[in-house]
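# Commentary on secondary and tertiary structure
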Amino acid sequence: MVERNLKGRYRNSAIGIVWNILMPVLLILAVWLVFSQVKTYHSEADFWLYLSVGMFAMTTCSSCLRGRVFFTNASYVKKIAIPRWVEVLSDVLAQFVTLIISFVLLIIIAAISGHVFDVTAVLFLPLAFILLFVMCLGCSFLFSTLNVVSNDIGHIMSIISRIAVWLTPVFFFMSETSELLRTVATCNPFTYFVEVLHQIIYWGEIPDLAYLGLAALIAFVFFAFGWVVFSRYEKNLAEML
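Numbers given for residues are sequential positions, taken from 1 along each chain in its written order. Totals for whole chains, interfaces and linings use every residue, but because this is a predicted model, local features are given only for residues with pLDDT of at least 70 and side-chain atom pairs only at 80 or more, for both listing and counting. Only heavy atoms go into the side-chain values, all of them from the structure, while hydrogens and water stay out.

### Regarding the environment of Phe 103
- Runs of H or I in DSSP of at least four residues are treated as helices and runs of E of at least two as strands, each being numbered from the N terminus. As for its placement among the helices and strands, Phe 103 is situated in helix α6 (residues 84-113).
- Throughout, a residue-residue contact means that at least one pair of heavy atoms, one from each residue, lies within 4.5 Å. With residues up to four places along the chain from it excluded, the contact list for Phe 103 reads Val 53, Phe 56, Ala 57, Phe 129, Leu 197 and Ile 201.

### Some words on the nonpolar core
- Residue types Ala, Val, Leu, Ile, Met, Phe, Trp, Tyr and Cys, when buried and joined through side-chain atoms within 4.5 Å, form a set referred to as a nonpolar core. Residue exposure (1.4 Å probe, protein chains only): buried if accessible area is under 20% of the type maximum, exposed if over 50%, otherwise partly exposed. Ranked by size, the top nonpolar core spans 61 residues in total, and within it Leu 49, Met 58, Phe 103, Leu 106, Leu 132, Phe 193 and Leu 197 carry the most contacts.
- Broken down by secondary-structure element, the contributors of at least two residues to this core are α2 (19-37), α3 (47-66), α4 (69-72), α6, α8 (125-149), α9 (151-166), α11 (190-202) and α12 (209-233).
- It is α8 that contributes the most residues to this core, 15 residues altogether.

### A word on α8
- With 25 residues, α8 should cover 36 Å at 1.5 Å per step; its first-to-last C-alpha distance of 36 Å lies within 8% of that length.
- In terms of burial, α8 is largely enclosed, as 20 of its 25 residues are buried. Between the first and last residue of a helix there are one fewer steps than residues, each counted as 1.5 Å, and that sum is the expected span.

### Some thoughts on the side chain of Ser 161
- Its place among the elements puts Ser 161 in helix α9.
- The class of Ser 161 is buried, set by a relative accessible area of 1%.
- As used in this structure description, the phrase polar contact means that two N or O atoms lie within 3.5 Å; if the pair is within protein, one of them must be able to donate a hydrogen and the other to accept it, and residues adjacent in sequence are counted only when both atoms belong to side chains. In terms of polar contacts, Ser 161 uses its side chain to reach the backbone carbonyl oxygen of Ser 158, at 2.8 Å.
- Residues in contact with Ser 161, not counting those within four places in the same chain, are Ser 62, Leu 65 and Arg 66.

### Description of the side chain of Thr 177
- Relative to the helices and strands, Thr 177 is located in the loop between α9 and α10 (179-187).
- A polar contact is formed between the side chain of Thr 177 and the backbone oxygen of Met 174, at a distance of 3.0 Å.
- In contact with Thr 177, not counting residues within four places along its chain, are Phe 172 and Arg 182.

### Comments concerning α3
- Its 20 residues place the ends of α3 28 Å apart at the C-alpha level, agreeing with the 28 Å of an ideal helix rising 1.5 Å per residue.
- Across the 20 residues of α3, 16 count as buried, placing the element largely inside the fold.
- The positive-phi residue at the C-terminal boundary of α3 is Gly 67, with phi of around 60 degrees.

See below:
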């Protein structure tokens with residue numbers, strides 16, 4: 001199912017699954033062109049890298065927030081007797097395959113451009129991805145289920161997923177924001193996952209233990225809550241679709 005999800009995005013395309021590599025490369029190059037070759041509002045060195053880290057992470061998070069797994073796989077839910085959690089897991093795994101490919105390419109391009117990475121900090125990258133994966137899996141269980149229970153949830157989460165990108169430190173630095181935006185970003189659960197990735201890749205620092213701890217707590221709370229809600233409605237998903 002993971003393979004089907006990866007290939008299905010670009011079905012009938014001449015190069016097929018190669019788009020999973022080509023798309024992040026093109027996006028990285030576009031961001032690099034704008035934020036390194038053109039005079040922009042921000043003069044911070046390698047701001048394109050900071051922006052790319054946040055964009056790739058939040059693209060995956062936003063997709064999980066929209067909760068479209070059971071609608072996308074409606075035929076499987078209605079006709080095939082497989083555990084429903086497999087569908088959610090395979091969808092999130094497929095997204096993370098693309099995410100990891102994107103980050104590998106991002107690190108390679110950044111290294112070629114002269115960005116210096118801290119080897120010790122990079123060792124924390126797998127932990128950061130695991131926490132982000134648990135968070136996204138919990139969100140997908142929660143909102144994919146609620147979206148079937150009430151279509152209004154899907155419309156609401158579609159809006160929230162877009163707003164969340166702007167309220168997460170993707171386009172701004174936490175240290176340079178107004179008090180209001182800093183407070184809102186601090187209350188945003190995705191901030192801690194994105195900031196941990198920024199600390200590792202952009203700042204070249206070992207992640208702050210407080211941020212790591214909060215990210216772990218948020219991830220497992222979302223996963224636990226998502227699993228409880230999913231378990232409550234799992235048997236009735238086919239009838240409700």
